[in-house]
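Close look at the chain arrangement
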Amino acid sequence: QVHLVESGGGLVQAGGSLRLSCAASGRTFSSYGMGWFRQAPGKEREFVAGIAGDGGRTAYTDAVKGRFTISRDNAKNTVYLQMNSLKAEDTAVYYCAVGAMWRLWVAQEYQYWGQGTQVTVSS
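These numbers come from a predicted model, not from an experiment.

1. Notes on the overall build of the protein chain
Check the secondary structure of the protein chain and you find 0 helices and 11 strands. The C-alpha radius of gyration computed for the protein chain amounts to 13 Å, which stays within 12% of the reference 14 Å derived for 123 residues, consistent with globular compactness. Based on the C-alpha atoms only, the size of the protein chain along its principal axes is roughly 40 × 25 × 25 Å. When burial is assessed residue by residue, the protein chain has 44% of its 123 residues classed as buried. Summed over its atoms, the accessible surface of the protein chain is roughly 6200 Å², and 47% of this surface lies on carbon and sulfur atoms.

Set out below in structure tokens:
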């Protein structure tokens, strides 16, 4: 059975940084894309960032380009999201997802989802 455990969320002031981690267990995902999505109160879940299995391809939503960096460690079956220059509009529950084949930005491509971690940015 696959489990995804997210960590690293919390409360931070605008302009600050956080690093989210998501560790997968139960199977290896080195051949599959891993990604991060977020959902703010009253809004639909949206794509944030994705990374291909070998780490050679990444994708970001325009709102986070230049501020967020996604990476992965296949030896640890873990994906990371380094978030810098955080803004109040980044406040949301962040979900990691694993198992995508090609379209890293499409939620339906992912097979497994984490439980979410809250990120709150105070202005």
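The structure having been displayed, the exposition proceeds.
2. A word on the sheet that holds strand β7 (residues 68-73)
If you trace the 4 strands from one edge of the open sheet to the other, you get β1-β3-β8-β7, paired in antiparallel fashion. Either end of the sheet is taken by a strand with one partner, and the two such strands are β1 (3-7) and β7. Strand-to-strand twist of the sheet, defined as the mean angle between neighbouring strand axes without regard to direction, takes the value 15°. Both β7 and strand β8 (residues 78-83) contribute to a ladder of 6 bridges, which runs antiparallel. The residue of β8 that forms the bridge with Asp73 is Thr78.

3. Comments concerning the pairing of β7
Here β7 shows a clear split, with Phe68, Ile70 and Arg72 buried on one side and none of Thr69, Ser71 and Asp73 buried on the other. Between β7 and β8, which pair antiparallel and follow one another directly, the connecting turn spans 4 residues, one of which, Asn77, has a positive phi of 55°.

4. Let's talk about the pairing of strand β4 (residues 33-39)
β4 sits mainly inside the fold: 6 of its 7 residues count as buried. Pairing analysis gives 7 bridges linking β4 to strand β9 (residues 92-100), with the strands arranged antiparallel. Following the sheet pairing, Gly33 is matched in β9 by Ala100. Across 5 bridges, the pairing between β4 and strand β5 (residues 46-51) is antiparallel. Bridging across to β5, Phe37 finds its partner in Phe47. Here β4 folds back onto β5 in antiparallel fashion, the turn holding 6 residues, of which Gly42 has a positive phi close to 80°.

5. Remarks on the state of the cysteines
Covalently bonding the sulfur atom of one cysteine to the sulfur atom of another cysteine gives a disulfide. Going through the model one piece at a time under the given rule, you end up with 1 disulfide. Each sulfur of the disulfide joining Cys22 and Cys96 lies 1.9 Å from the other. Of this pair, Cys22 sits in strand β3 (residues 18-25) while Cys96 sits in strand β9, and the two are 74 residues apart along the sequence. Cys22 sits in the buried class, given a relative accessible area of 0%.

6. Examining the environment of Trp105
Position of Trp105 among the secondary structure elements: in the loop between β9 and β10 (112-113). Sequence spacing of Trp105 and Ser17 is 88 residues, and the spatial spacing of their C-alpha atoms is 23 Å. Here Trp105 is in contact with Phe37, Phe47 and Arg57, once residues within four sequence places are set aside.

Criteria and thresholds
Residues numbered from 1 in each chain as written. Predicted model: local features only at pLDDT ≥ 70, side-chain atom pairs only at ≥ 80, totals over all residues. Heavy atoms only, no water. Helix = DSSP H or I, 4+ residues; strand = E, 2+ residues; numbered from the N terminus. Rg over C-alpha atoms; globule rule 2.2 N^0.38 Å. Buried < 20%, exposed > 50% of the residue type's maximum accessible area, 1.4 Å probe, protein only. Areas by Shrake-Rupley, 256 points an atom, 1.4 Å probe, with all protein chains shown as cover. Pairing = 2+ DSSP bridges. Axes fitted to C-alpha atoms, helices over the stretch in contact; angles between N-to-C directions. Disulfide = S-S within 2.5 Å. Contact = heavy atoms within 4.5 Å.

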